[in-house]
Amino acid sequence: MIEKPTLNPGPKPPPLWRRLVSKHPLRRGGLLVLLALVLEYLVLPQIAGVRRSLYLLGRVNIGYVALGTLLEVASLASYAQLTKAVLPARASRFSRIWRIDLSTLAVSHVLPGGTAGGDGLAYRLLTNEGVTGSDAGLALAVQGIGSALVLNALLWMALIISIPVSGFNPIYATAAIVGALLLAGFAGLVFLLTKGEERAAVIIRDLVTRLPFLKQGAAEATDRVVHQIAKRATVMAADRALLRRAVLWAAANWLLDAGSLFVFLVAFGHIENPDGLLVAYGLAYVLAAIPVTPGGLGLVEGVLVPSLVGFGATRGAAIVAVIGYRLVNFWLPIPVGAGAYLSLRVGGDRLAANRREELRRAVAEARSLAPLMRHSGQDAGHRSSPDGDDGDSRW
């Protein structure tokens, strides 16, 4: 009897945590130092502050909490209006655009660096609504970058008012660098799409041709999309009314969201000055643009709490207010966005079925009318050529 050779499965792969932690002593030591810094300067002070401020929960004003939640809902509605403003006219109904934005927000709050994943989902959902790929891509770019520019403008206006009163903080420089890089990137993108269209098309086409595993004709398709986006960008840049609407809706989105934070502070007994509130809020969300965690989770809280304390809030009130604000700003949109996505899928399937049914009826009607049209054409031919010729009297 011949024994079958046993296959050696090889060494068992190490667990995930072992693969993430390097065996190199310097790298492991650096990771431990970084973890210790995070625990000492972010986690432990926050936990201690929460323990000292738990009594504030018994004094919370529920009416203000409800108002803060409503302001957050209004902020999300304003963002949906911004999306609708930068899309072509009659792209889709507002209710569906709002659900697309909520679905995108839920994804961006779950995935690390989730803005890219959220934009990918938004692109797919918008194209399912009938928006062309170039229009959807440009709308998402203008929406994201334009909204960030408005936030930077609000931050700079608040800093101009706040610095003479409250002094300068080194974190302002970091926010200024991030904002300057954003402005430079946006200016370069606008220049390439409006003034250097051909140059941009050549650069992107060359990059696409060097990428492996792409289908034949991808470079030509990319070139066509770049020209379509440039054309749409030129039209948008020339439409002053559209730009005003976009800026107003983007400003409303940020200001209503900041208003929600202000109301949560009031709910726990602290009234913040508007300039201090906008500086703390702007710093947190400008720095949250760095894709470290999903939706700036941890980074927003880590900037908001000490900034608000620096502007006069008690540590307990700042911690509890920020936690309550982030519950409706960050956590609540996740289940709401999941429900919005499911409603889009159900509604989209029903809409596609209705369209297929309408197309089937149109085809059936056309087929039923075809014999009548042929018969009427033959009658017309007989009337025009009674002698049985080919119907043309010139011959």
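Thresholds, definitions, all that
Residues numbered from 1 in each chain as written. Predicted model: local features only at pLDDT ≥ 70, side-chain atom pairs only at ≥ 80, totals over all residues. Heavy atoms only, no water. Phe/Tyr/Trp six-rings, centres within 6.5 Å; stacked < 30°, edge-to-face > 60°. Helix = DSSP H or I, 4+ residues; strand = E, 2+ residues; numbered from the N terminus. Buried < 20%, exposed > 50% of the residue type's maximum accessible area, 1.4 Å probe, protein only. Salt bridge = Lys/Arg side-chain N within 4 Å of Asp/Glu carboxyl O. Axes fitted to C-alpha atoms, helices over the stretch in contact; angles between N-to-C directions. Parallel < 35°, antiparallel > 145°, perpendicular 65-115°, else oblique. Left-handed = near helix turned anticlockwise from the far one by under 90°. Contact = heavy atoms within 4.5 Å.

Enquirer: So what's going on with the packing of aromatic side chains? Which residues, and what values?
Expert: Scanning all chains against the criterion turns up five aromatic pairs. Arranged with centres 5.6 Å apart and planes meeting at 40 degrees, the rings of Phe94 and Trp98 form a pair that is tilted. Note that Phe94 and Trp98 are positioned in helix α4 (residues 94–108) at a spacing of four residues, about one turn of the helix. Residue class for Trp98 comes out partly exposed when judged on its relative accessible area of 24%.

Enquirer: Any details on the pattern of salt bridges? Residues and values, ideally.
Expert: All chains considered together, the criterion is met by two salt bridges. Among the salt bridges present, the one from Arg96 reaches Glu129, with a minimum N-O distance of 2.8 Å. Of this pair, Arg96 sits in helix α4 while Glu129 is found in the loop between α5 (114–128) and α6 (133–166), placing the two residues 33 residues apart along the sequence. Both residues of the pair, Arg96 and Glu129, count as buried.

Enquirer: Give a detailed account of the side chain of Ser78, specifying residues and quantitative values.
Expert: Counting through the fold element by element, Ser78 comes out in helix α3 (residues 62–86). By relative accessible area, Ser78 is classed as buried at 5%.

Enquirer: Kindly report on the packing of helix α11 (residues 274–287) against helix α12 (residues 299–310), identifying the contributing residues and their values.
Expert: One way to put it is that α11 packs onto α12 with a least axis distance of 8 Å and a crossing angle of 160 degrees. When the axes of α11 and α12 are compared, the pair comes out roughly antiparallel. As α11 runs across α12, the sense of the crossing is right-handed. Counting all contacts with α11, which are made through Leu277, Ala280, Tyr281, Leu283, Ala284, Tyr285 and Leu287, the residues of α12 involved are Leu299, Val300, Val303, Leu304, Ser307 and Leu308.

Fair warning: the whole summary comes from geometry, so function is off the table for now.
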